[in-house]
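Structural characterization, general
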Amino acid sequence: VGSEMVIREGLWRGTAASALTYTPLCGLYFMLYEDYKRRCANLLQGGDVAQLSGVHHFIGGLYAAGVAAALTVPFDLAKTRLQVQGSAPGLPPPVSSVWSCWRTVYRDEGIGGFARGIPSRVAAIAPMFALTTALWETARCIILGMTPA
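So, here's what we can say about the structure. (Residues numbered from 1 in each chain as written. Predicted model: local features only at pLDDT ≥ 70, side-chain atom pairs only at ≥ 80, totals over all residues. Heavy atoms only, no water.)

This part covers the environment of A134. Examined against the element boundaries, A134 turns out to sit in helix α6 (residues 118-143). Ignoring anything within four residues of it in the chain, the contact list for A134 reads G54, H57 and F58. (Helix = DSSP H or I, 4+ residues; strand = E, 2+ residues; numbered from the N terminus. Contact = heavy atoms within 4.5 Å.)

Viewed as axis vectors pointing N to C, helix α4 (residues 73-84) and helix α5 (residues 98-109) meet at an angle of 105°, and their least axial separation amounts to 9 Å. With respect to α5, the element α4 is oriented roughly perpendicular. The residues of α5 that touch α4, namely those facing P74, F75, L77, A78, R81 and L82, are V98, C101, W102, V105 and E109. When its residues are assigned to classes, the contact of α4 with α5 shows nine nonpolar, no polar and two charged. (Axes fitted to C-alpha atoms, helices over the stretch in contact; angles between N-to-C directions. Parallel < 35°, antiparallel > 145°, perpendicular 65-115°, else oblique. Nonpolar A, V, L, I, M, F, W, Y, C, P; charged D, E, K, R; others polar.)

This part takes up the nonpolar core. What tends to happen in soluble globular proteins is that the nonpolar side chains get buried as a cluster. The biggest cluster of nonpolar side chains holds eleven residues, and these are L25, Y29, L32, Y33, A64, A65, A68, A69, I125, A126 and F129. Looking at this core, the elements that each hand over two or more residues are α2 (15-44), α3 (54-71) and α6. Once residues within four sequence positions are removed from consideration, L32 is found in contact with Y63, A64, V67 and A68. (Core = buried A, V, L, I, M, F, W, Y, C linked by side-chain atoms within 4.5 Å. Buried < 20%, exposed > 50% of the residue type's maximum accessible area, 1.4 Å probe, protein only.)

Moving on to α6. Helical geometry note: an α-helix holds 3.6 residues per turn, so side chains three or four residues apart project in the same direction. Taking 1.5 Å per residue, 26 residues should reach 38 Å; α6 reaches 36 Å between its end C-alpha atoms and fits that length. Restricting attention to buried positions, one finds in α6 the residues R121, I125, A126, F129, A130, T133, A134, E137 and C141. Of the surrounding secondary structure, the elements contacted by the buried residues of α6 are α2, α3 and α4. Residue G145 follows α6 closely and has a positive phi angle near 80°. (Expected span 1.5 Å × (residues − 1).)

Close approach of charged atoms allows side chains of opposite charge to pair. This structure, assessed with the given rule, holds ten salt bridges. D35 is paired through a salt bridge with R38; the nearest N and O atoms lie 2.5 Å apart. Of this pair, D35 and R38 are both found in helix α2, three residues apart, which corresponds to roughly one turn of the helix. For R39, the salt bridge goes to D35, with nearest N and O atoms at 2.8 Å. With R39 and D35 both in helix α2, this residue pair falls four residues apart, about one helical turn. R39 gets classed as exposed once you look at its relative accessible area, which sits at 52%. Taking the relative accessible area as the measure of exposure, D35 reaches 26% and is therefore partly exposed. Here the residues in one salt-bridge network are E34, K37, E137 and R140, joined through shared partners. (Salt bridge = Lys/Arg side-chain N within 4 Å of Asp/Glu carboxyl O.)

Bringing the layout of surface pockets into the picture now. For the largest pocket, the calculated volume is near 160 Å³. Taken together, V73, D76, L77, T80, R81, G113, F114, R116, G117 and R121 make up the full set of residues lining the largest pocket. (1 Å grid on protein atoms, 1.4 Å probe; cavity = no way out; pocket = protein on both sides within 12 Å on 5 of 7 lines; lining within 4 Å. Points joined across faces, edges and corners; volume = space filled by probe spheres on them.)

This paragraph deals with the packing of α2 against α3. At a closest axis distance of 8 Å, the pairing of α2 and α3 adopts a crossing angle of 145°. Once α2 is placed against α3, the crossing between them reads as right-handed. Of α3, the residues touching α2 (which contributes L25, L28, Y29, L32, Y33, Y36, K37, C40 and L44) are H56, H57, I59, G60, G61, Y63, A64, A65, V67, A68, A69 and L71. Tallied by class, residues from the contact of α2 with α3 come to 16 nonpolar, four polar and one charged. (Left-handed = near helix turned anticlockwise from the far one by under 90°.)

From the geometry alone we can't say anything about function, so treat these as descriptive.
Given below as structure tokens:
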């Protein structure tokens, strides 16, 4: 049964679109988070990043992930549509690539179609990254023998 589903549904459908979604998301996230950390430390702690608290890291993760998630919504839209197409009635028409999905969205929904998922994507991703970042930074301080602020 499982192998039939893999053949019929396509286990790898949307893999390239997933890479196209999460690679820029993570790149943007880390770039924004590191910049936030540096700026926050310069503003609040005299430039010492090690003195930032878990709350600072949580806020930085929330900010960086929220911006990165919002900016990568068009990629996530294409990934999701590639992965779910044909699995239920009433879904958007089938697409064969990220580009064909974007053309279809633009033709059928206009430029606003690319922004429809921003609130839900930010609401799902930003808290998850923020919590992970705050816990990681706190654990890193403990492992390195520094006192978490």
